[in-house]
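A structural walkthrough
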Number of protein chains: 2
Amino acid sequence: MTVSELAERDLITRIRQLLPPAPSWLVVGIGDDAAVVQPERSRLDVLSVDAIVEGVHFDRRFTPPAAIGHRALAVNLSDLAAMGAAPRLALLSLALPPTLPCDDFDGIVQGLVAVATRHRVHVAGGNVTRTSGPLVLDVTVSGTVKRRGYLTRHQARAGDELYVSGTLGAAAAGLECLRASDGVAGTSEGCVQRYLYPDPRVRAGMLLSRNRAATACMDLSDGLADAARQLAEASGIGIVIDAADVPVDPGARAWFERTGADPLTEAIRGGDDYELLFTVKPRHRGRLAAARQHGGVTLTRIGLCTSEREVVLRRTAAGAPADEPLPSGFRHFR
Amino acid sequence: MTVSELAERDLITRIRQLLPPAPSWLVVGIGDDAAVVQPERSRLDVLSVDAIVEGVHFDRRFTPPAAIGHRALAVNLSDLAAMGAAPRLALLSLALPPTLPCDDFDGIVQGLVAVATRHRVHVAGGNVTRTSGPLVLDVTVSGTVKRRGYLTRHQARAGDELYVSGTLGAAAAGLECLRASDGVAGTSEGCVQRYLYPDPRVRAGMLLSRNRAATACMDLSDGLADAARQLAEASGIGIVIDAADVPVDPGARAWFERTGADPLTEAIRGGDDYELLFTVKPRHRGRLAAARQHGGVTLTRIGLCTSEREVVLRRTAAGAPADEPLPSGFRHFR
């Protein structure tokens, strides 16, 4: 059975059945013209929207339905994490090809609801329509943050140290691995899982915001190279990244070595990692303790903000540092 | 030039340039990972998302770019109006075919910003991506309402009177007119404009909420037949609509008479009108005065809520009322 055999309201019923009971702050949930929400006292609202499109952000031939739903919400939670916000609700807008099997529809919703439950996000509403084109999942998320606790991209200053969460390159390796049909390079199951089920750094982002440990923060959806340039431009600074300190994922390193690519370059350029890139004043380094202890992810110092307005990669060979331009980033649109 | 020649950031820059200055409650606007918003004191947040898809909700062959942008926001503001909410902000998520001309992109954004400005809505963020399929515009809106002022669909009770705003059938006639290429039936410019540039009943919705004039309210995006059934089902009531009282748009009546269709049936079934359907306790009829005077649209009593659990159309011929089932509605999904 495909979704074309069901009316919009039947599809919405299927979604509702997969949701946990509504929290008390959700005054009106799914089923009316709009959701009505009790705001959280003395906090700011944080809102973001992100779409994933079949053929652009995922390939249905090798992405299980649950991973599609997972990704649609995870990429949005990553944006909230990058602002230091505590997520609260999601609105789910789906444009479905009529040929989509109902089982895939259910799988997508289940994958999304699993991430929502893990991060205490409630699906409060949405929209379902058909399309003659690829599957499009558009998710809006809303969260809250303390009045002076939100983390932007433009407050990094020369002298701040640059950090990244987790390890880099695994998602890019996982995607290559899924695309490689010849099996020559073997498989890299850990990387595939990292690509299919990115784990948004919600807890780490909230902790970086809570004691104002970070001066600026953004997520790595389009890779470190792209993020470092955007953060530098927004803050009007330069950045030096120490090649030796970039936490290349071990599984990714092994994969890229097998395929003959340079692991460091691939880890810097590769997208879909959904780690956090942030800056910390050296004298506030101690404030990272909470995020380190309870953030659920490693935090690695990878460089320094400068007043030079350039973004460079510093390699140290034979004790002498040599700077080169950071490899170019990965851009979705073109 | 098409959008494929521009990077995502260039497209976002084009959008930003068309926006008015940000209001003071927008703490962080376009350009960061998410928007940060100062909530309004002692009010509830109202959130809705709606997508319009090329080929499903609009046809680019006869819909000017400005009308596409207009529609994308207007259909969402209509949802806020139906909740009685005052709109505040919009998030704009676009999936663009690479062949879309930049002039059309600009026209779409201009059409959307024009509606936003008229209704004091600020575009606070969004997302731009490409798609191999049809153009998809996904808009999220947020507004606010007094704590006990929101209007749902489920509070209508037997004995309440049923009202509709404006006139019906014009959008359906306008769409037929745009589709008719042979010109046999002539044109109906007023109906075409009503189809292309629906006017969401934001002011009327806010006034219906303000003094609790309405017991239930929803908008007519999919036509009166569909809305009446949904409102009846949500409230657990029946509805009798008086055929003689349905405000068929005069231009639509003339159009459907020319094409040989029954104007009343078409006005009841036709979608895209974006009027409000609402219920009022007879003893609170006087509360409609403010919405009548300042809502910018006529309000017409068209029927009554009953305890019968049926939705019927009552025609009175030779002084004797005869009930028939309401014509079937218009559904997007199938």
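The present account deals with the structure reproduced in this document. Think of each chain on its own: its residues are numbered from 1, step by step along the sequence as written. Working convention: letters from A go to chains and numbers from 1 go to ligands, in the order in which they are written. Side-chain atom pairs in this predicted model are given and counted only at pLDDT of 80 or more, local residue features only at pLDDT of at least 70, and totals for whole chains, interfaces and linings cover all residues.

Quick word on the overall build of chain A
Strands are runs of DSSP state E lasting at least 2 residues, helices are runs of H or I lasting at least 4, and numbering of each runs from the N terminus. Helices and strands together make up the secondary structure of chain A, namely 10 helices and 13 strands. Compactness check: chain A gives a C-alpha radius of gyration of 21 Å against a globular reference of 20 Å for 334 residues, within 12% of the reference. With respect to the principal axes defined by its C-alpha atoms, chain A has extents near 65 × 55 × 35 Å. Every one of the 334 residues in chain A was classed for burial, and the buried ones make up 56%. Radius of gyration here is computed from C-alpha atoms only, and the compact-globule reference equals 2.2 Å multiplied by the residue count raised to the power 0.38. Partly exposed residues are those whose C-beta has more than 12 but fewer than 20 other C-beta atoms within 10 Å; 20 or more makes a residue buried and 12 or fewer makes it exposed, with C-beta atoms placed from the backbone.

Considering the packing of helix H4 (residues 170–179) of chain B against helix H5 (residues 189–196) of chain B
A pair of packed helices is characterised by two quantities: the angle between their axes and the separation of those axes. Residue and element names in this part refer to chain B. Two elements in contact, H4 and H5, have axes whose closest approach is 7 Å; the angle formed by their N-to-C orientations is 105°. Taken together, the axes of H4 and H5 are roughly perpendicular relative to one another. Between H4, through Ala-170, Ala-171, Ala-173, Gly-174, Leu-175, Cys-177 and Leu-178, and H5, the contact on the second element is made entirely by Gly-190, Cys-191, Val-192, Arg-194, Tyr-195 and Leu-196. Tallied by class, the residues present in the contact of H4 with H5 amount to 10 nonpolar, 2 polar and 1 charged. Note on geometry: axes are lines fitted to C-alpha atoms, helical ones only across the stretch in contact, with angles between N-to-C directions running from 0 to 180 degrees. Any angle that is under 35 degrees is reported as roughly parallel, and any over 145 degrees as roughly antiparallel; angles of 65 to 115 degrees are reported as roughly perpendicular and all others as oblique. A residue pair is marked as a contact if its C-beta atoms, positioned from the backbone, fall within 7 Å. Residues are grouped as follows: Ala, Val, Leu, Ile, Met, Phe, Trp, Tyr, Cys and Pro are nonpolar; Asp, Glu, Lys and Arg are charged; all remaining types, including Gly, are polar.

Re the relation of the copies chain B and chain A
A least-squares superposition brings the copies together, and it is based on the C-alpha atoms of residues with pLDDT no lower than 70 in both. Overlay of chain B on chain A (RMSD 0.0 Å): rotation 180°, translation along the axis 0.0 Å. Taken together, the rotation and translation relating the two chain copies correspond to the operation of a two-fold axis. Within chain B, Gly-133 of chain B has its C-alpha nearest the rotation axis, a separation of 2.1 Å. The residues that chain B uses at the interface reappear at the interface of chain A in 100% of cases, marking a shared surface.

Structural notes on the environment of Leu-77 of chain A
Residues and elements named next belong to chain A. As for its position among the elements, Leu-77 is in helix H2 (residues 65–83). A C-alpha to C-alpha distance of 18 Å links Leu-77 and Glu-40, two positions 37 residues apart in sequence. If sequence neighbours within four positions are ignored, Leu-77 has contacts with Pro-87, His-119, Val-141, Pro-200 and Val-202.

A closer look at the interface of chain B and chain A
Each side of the interface is counted separately: chain B has 55 residues, and chain A has 55 residues. Elements represented by at least two residues in the side of chain B that touches chain A include exactly strand E1 (26–28), strand E2 (35–37), strand E3 (43–53), helix H2 (65–83), strand E4 (86–96), strand E5 (122–130), strand E6 (136–146) and strand E8 (216–219) of chain B. Residues that form the side of chain B that touches chain A fall into these classes: 28 nonpolar, 15 polar and 12 charged. Two strands form a pair only when DSSP identifies at least two bridges running between them. Sheet analysis places strand E3 (residues 43–53) of chain A next to E2 of chain B, joined by 3 bridges and oriented antiparallel. Pairing of Val-46 of chain A across the sheet is with Val-36 of chain B, part of E2 of chain B.

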